[in-house]
Amino acid sequence: MSRKTVNDLFVHSLSDIYSAEKQLTKALGKLSRAATNEQLSKAFQTHLEETQGQIERIDQVVEKCGLKLKRVKCAAMEGLIEEADELLDEIEKGPVLDAGLIGAAQKVEHYEIAAYGTLCALGKQLGFNDGVKLLQETLQEEKATDQKLTEFAEQVGNPQAKSAS
Ligand code: FE
Ligand code: FE
Ligand code: FE
């Protein structure tokens, strides 16, 4: 697991986000079932499908760049999911839980945005141009999801707002 070169660091970081995405496929289903707001529930479901595509995209990056992923578990994602699970244990279903879930999901998206941003920068340095293109697509999806969640955060639990969409 030594990381001596930028290439090693890139492979390690890619392996880490691969683990994070895999952990998320399980967690997003749970969030979707826990959300009361129907639009929010759908948004989690939609991002679950995107996440499956993102995992396939990482497989493509590995192939295009001639890499081999390492066995890494993303400890940060494990922790973020644990915090989301605490919300599920402690708050009953409804607008307050929904607001908590939005926050938990945004923490996840911000982690991913940072991770993919770093991978794009490192990949550029390494000349992995095709790989970087794919990683940028995922980065855009994560940013769009974060933005959508911000809109939900401003609407959920606010009876004045027209139904969150
Ligand atoms: Fe993702
Ligand atoms: Fe990580
Ligand atoms: Fe995401």
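See the structure printed just above.
These remarks concern the structure in this document. This is a predicted model, so every value here is computed, not measured. (Residues numbered from 1 in each chain as written. Chains lettered and ligands numbered in written order. Predicted model: local features only at pLDDT ≥ 70, side-chain atom pairs only at ≥ 80, totals over all residues. Heavy atoms only, no water.)

Turning to the coordination of the iron ion (ligand 2), a few remarks are in order. Metal coordination angles in their ideal form are 109.5 degrees for the four-donor tetrahedron and 90 or 180 degrees for the six-donor octahedron. Around the iron ion (ligand 2), the protein contributes the donor atoms Asp16 (OD), Asp16 (OD), Cys74 (SG) and Tyr111 (OH), which lie 1.9 to 2.7 Å from the metal centre. Of note is the iron ion (ligand 2), whose 4 donor atoms meet at the metal with angles of 53 to 147 degrees in an arrangement that counts as irregular. Mapped onto the sequence, the donors of the iron ion (ligand 2) take the spacing D-x57-C-x36-Y. Of the two residues, Asp16 is situated in helix α1 (residues 6–34) and Tyr111 in helix α4 (residues 95–126); the sequence distance between them amounts to 95 residues. (Donors = N, O, S within 2.8 Å, 3.2 Å for Na, K, Ca; no water. Tetrahedral: all angles 85-135°; square planar, octahedral: opposite > 155°, others 65-115°. Helix = DSSP H or I, 4+ residues; strand = E, 2+ residues; numbered from the N terminus.)

Time to look at the side chain of Gln106. Its location among the elements puts Gln106 in helix α4. Residue classification places Gln106 among the buried residues on the basis of a relative accessible area of 16%. Within the local environment of Gln106, its side chain forms a polar contact with the side chain of Thr150, the two groups lying 2.8 Å apart. (Buried < 20%, exposed > 50% of the residue type's maximum accessible area, 1.4 Å probe, protein only. Polar contact = N/O pair within 3.5 Å; in protein donor to acceptor, adjacent residues only side chain to side chain.)

Before going further, it helps to spend a moment on the coordination of the iron ion (ligand 3). The protein atoms donating to the iron ion (ligand 3) are His47 (NE2), Glu109 (OE), Glu109 (OE), Glu112 (OE) and Glu142 (OE), with metal-donor distances spanning 2.0 to 2.6 Å. Sequence spacing of the donors to the iron ion (ligand 3): H-x61-E-x2-E-x29-E. Between the iron ion (ligand 3) and the iron ion (ligand 1), both coordinated by Glu112, there is a metal-metal distance of 3.1 Å. Placement of the pair is His47 in helix α2 (residues 38–65) and Glu109 in helix α4, with a sequence separation of 62 residues. For the pair formed by His47 and Glu109, the shared burial category is buried.

Time to look at the side chain of Glu112. Within the secondary structure, Glu112 sits in helix α4. Here Glu112 is buried and forms no salt bridge, its nearest opposite-charge partner Arg57 lying at an N-O distance of 10 Å. Leaving out residues up to four positions away in the same chain, Glu112 has contacts with Ile17, Glu21, Leu24, His47, Gln54, Met77 and Glu142. (Lys, Arg positive; Asp, Glu negative; His and termini not counted. Salt bridge = Lys/Arg side-chain N within 4 Å of Asp/Glu carboxyl O. Contact = heavy atoms within 4.5 Å.)

Turning our eyes to something else, we now look at the environment of Val156. By secondary structure assignment, the location of Val156 is in the segment after α5 (129–155). Taking relative accessible area as the criterion, Val156 reaches 14% and is therefore assigned buried. Sequence separation between Val156 and Asn37 is 119 residues; the distance between their C-alpha atoms is 7.8 Å.

Across its 16 residues, helix α3 (residues 75–90) extends 23 Å between first and last C-alpha, which sits within 8% of the 22 Å expected from 1.5 Å per residue. Listed in full, the buried residues belonging to α3 are Met77, Leu80, Ile81 and Ala84. Down the axis of α3, the sector holding all buried residues measures 95 degrees, keeping them to one side. Residues of α3 that are exposed and point more than 90 degrees away from the buried face comprise Ala75, Asp89 and Glu90. (Expected span 1.5 Å × (residues − 1). Arc of directions from axis to C-beta.)

In this section: the packing of aromatic side chains. Across all of its chains, the model carries 1 aromatic pair by this definition. With centroids separated by 5.2 Å and ring planes inclined at 55 degrees, the aromatic side chains of Phe10 and Phe128 adopt a geometry described as tilted. Of this pair, Phe10 sits in helix α1 while Phe128 sits in the loop between α4 and α5, and the two are 118 residues apart along the sequence. Here Phe10 falls in the buried class, since its relative accessible area comes to 1%. (Phe/Tyr/Trp six-rings, centres within 6.5 Å; stacked < 30°, edge-to-face > 60°.)

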